[in-house]
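Reading the structure
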Amino acid sequence: MNIEITSRSPGIPDALREYGESRLSGIERFGEEFDKGEIFLTKEHDDLVCEVVLHRFRGEALVARAEAKDGKAAVDAATDRLAFQTRQLAAL
């Protein structure tokens, strides 16, 4: 899966970008294959917003959004939501 990371706000650390990529790279282990993954990181007020879009080979894209004070917590919450969605697809 090709993963693209976009920072919509200045000051997003490279370590957070790498962390997001590592978290998203393991999502295919739940049985679904994806064409492309996109991570959008944005600062809004005091929070960091992480939006993740997974483009499937067939079917609609999966989208998850989370915000938190800590960047890693936002990335974790968004990827956990996508993992849940992926497990639901595999159960069908």
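To start, this report covers the structure provided alongside it. Treat the numbers as computed from the prediction; the structure is a model and nothing was measured. (Residues numbered from 1 in each chain as written. Predicted model: local features only at pLDDT ≥ 70, side-chain atom pairs only at ≥ 80, totals over all residues. Heavy atoms only, no water.)

What follows covers the packing of aromatic side chains. Summed over the entire model, instances satisfying the criterion amount to zero aromatic pairs. A cation over a ring is seen here: R8 above F40, with NZ or CZ 4.2 Å from the ring centre. Residue placement shows K72 over the ring face of Y19; its charged tip is 5.0 Å from the ring centre. (Phe/Tyr/Trp six-rings, centres within 6.5 Å; stacked < 30°, edge-to-face > 60°. Lys NZ or Arg CZ within 6 Å of the ring centre and 35° of its normal.)

This brings us to helix α2 (residues 71-91). Counted at 1.5 Å a residue, the expected span for α2 with its 21 residues is 30 Å, and the 31 Å between its end C-alpha atoms agrees. Taken together, the buried positions of α2 are G71, A74, V75, A78, T79, L82, A83 and T86. Taken down its axis, α2 places every buried residue within 170° of arc, on the same side. Looking at the buried positions of α2, the neighbouring elements they touch are α1 (14-25), β2 (34-44), β3 (47-56) and β4 (62-68). (Helix = DSSP H or I, 4+ residues; strand = E, 2+ residues; numbered from the N terminus. Expected span 1.5 Å × (residues − 1). Buried < 20%, exposed > 50% of the residue type's maximum accessible area, 1.4 Å probe, protein only. Arc of directions from axis to C-beta. Contact = heavy atoms within 4.5 Å.)

An order of β1-β2-β3-β4 is seen for the four strands of this open sheet, with the pairing classed as mixed. The open sheet has two edge strands with one neighbour each: β1 (2-7) and β4. Strand after strand, the sheet turns through a mean of 15° between neighbouring axes, direction not considered. In terms of strand pairing, β3 meets β4 through seven bridges, oriented antiparallel. By the bridge assignment for β4, L48 is matched with A68. (Pairing = 2+ DSSP bridges. Axes fitted to C-alpha atoms, helices over the stretch in contact; angles between N-to-C directions.)

Of note, S9 is situated in the loop between β1 and α1. A relative accessible area of 14% means that S9 is categorised as buried. Within the structure, the side chain of S9 is placed 3.0 Å from the backbone nitrogen of K43, a separation counted as a polar contact. When neighbours within four sequence positions are excluded, S9 is seen to be in contact with L41, T42 and K43. (Polar contact = N/O pair within 3.5 Å; in protein donor to acceptor, adjacent residues only side chain to side chain.)

Its twelve residues give α1 an end-to-end C-alpha distance of 17 Å, which sits within 8% of 16 Å, the value for a rise of 1.5 Å per residue. Taken as a whole, α1 has its buried residues at L16, G20 and L24. In an axial view of α1, the angular spread of the buried residues amounts to 70°, which keeps them on one side of the axis. Pointing more than 90 degrees away from the buried face of α1 are the exposed residues D14, A15 and E18.

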